[in-house]
Amino acid sequence: MFSIDSLLLSKLGPFPDMAHSMYETKRNIWSCHFRSEYPSQRLTENSSQISQKTPKLPKSQKHEKVEPKSVSGLSLDRIPPNSRFFIIKSFTEKDVASSVEHGVWTSTDLGNKRLDKAYKTTSEDGGKVYLFFSVNGSGRFCGIAEMTAAVNFKSKLNIWNETSRWSGVFPITWVSTDSLPNRHFVQLRNPLNENKPITYSRDTQEVPFNIAFKFIAIYAKCDIYKRK
């Protein structure tokens, strides 16, 4: 009986030694021993050894990012999930100053109806209504306030710059009266207003919760710097 190897070698002609050498080389190309000598495998093995020797920092040494948690009296983690948020555009700084002094605000007839409806439906669900104030043409936001009751459409106060223009009033609590330039907020876009930056808003324009939360977080960050 002939083995397959000897049979092949017998047919390789008059140079059996050379043929045998070529045969062995060809066979060894696919041997496990030859593949283990490939540089790519050695690199992989060395890499695994290096990675095992690389020291890892203990958790105590890892950098932890500290995020602002509150702005003045408003804690971010205590904002009810059903809360709603609106941009307030005032015609004059005097009206904002009167609002801070007396703790009230008013809007146009349409604006008052919108805010009144929002307050009633939101308070029933356990939420709150927050207002982001800005004076037209000022290029900045001038504070945050919480609406604390529904609109009294029969009331009229003589504290506004144009008294005859405004009717109806509702109480608010000012959370912050800090003034921040629009450049802090231009990256916040409002999907409820054609995805425009919230700096381009009309009076009583609503802002979704996630964008409003970022807005308040920016105020909180500036509030921390102010207190340092």
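Residues numbered from 1 in each chain as written. Predicted model: local features only at pLDDT ≥ 70, side-chain atom pairs only at ≥ 80, totals over all residues. Heavy atoms only, no water.

The name given to the protein in an unreviewed UniProt entry is YTH domain-containing protein, with Meyerozyma guilliermondii as the source organism.

A. Main features of the pattern of salt bridges. A full pass over the atoms with the stated rule returns six salt bridges. Note that Arg-84 is salt-bridged to Glu-206, the shortest N-O span being 2.8 Å. Taken together, the positions of Arg-84 in strand β3 (residues 84–90) and Glu-206 in strand β11 (residues 205–207) put the pair 122 residues apart, joining distant regions of the chain. You can call Glu-206 partly exposed: its relative accessible area is 23%. (Salt bridge = Lys/Arg side-chain N within 4 Å of Asp/Glu carboxyl O. Helix = DSSP H or I, 4+ residues; strand = E, 2+ residues; numbered from the N terminus. Buried < 20%, exposed > 50% of the residue type's maximum accessible area, 1.4 Å probe, protein only.)

B. Main features of the confidence of the model for the protein. The pLDDT averaged across the protein works out to 77; a share of 65% of its residues lies at or above 70. Predicted confidence for residues 18–23 stays below pLDDT 50, and this span has four contacts to residues more than four positions away or in other chains. (pLDDT = per-residue confidence, 0-100. Contact = heavy atoms within 4.5 Å.)

C. Inspection of the nonpolar core at higher detail. Within the largest apolar cluster, 23 residues are counted, with the highest numbers of intra-cluster contacts made by Trp-105, Leu-115, Leu-131, Phe-133, Met-147, Phe-170 and Ile-172. Listing elements by their share of this core, those giving two or more residues are β3, β4 (104–105), α6 (109–124), β5 (129–135), β6 (140–147) and β7 (170–176). The greatest single-element share of this core, amounting to four residues, is contributed by β5. Residues within four places of Leu-131 in sequence aside, it is in contact with Phe-86, Ile-88, Leu-115, Gly-143, Ile-144, Ala-145, Phe-170 and Ile-172. By size, the runner-up hydrophobic cluster in this structure holds 22 residues, among which are Ile-87, Tyr-130, Phe-141 and Val-207. (Core = buried A, V, L, I, M, F, W, Y, C linked by side-chain atoms within 4.5 Å.)

D. Layout of the pairing of β7. Counting buried positions along β7 yields five of seven residues, so the element is predominantly enclosed. Relative to β7, β4 is paired through two bridges, and the arrangement is antiparallel. Bridged to Val-104 within β7 is Pro-171. Across four bridges, β6 lies against β7 in antiparallel orientation. Opposite Met-147, over in β7, you have Ile-172 as the bridge partner. (Pairing = 2+ DSSP bridges.)

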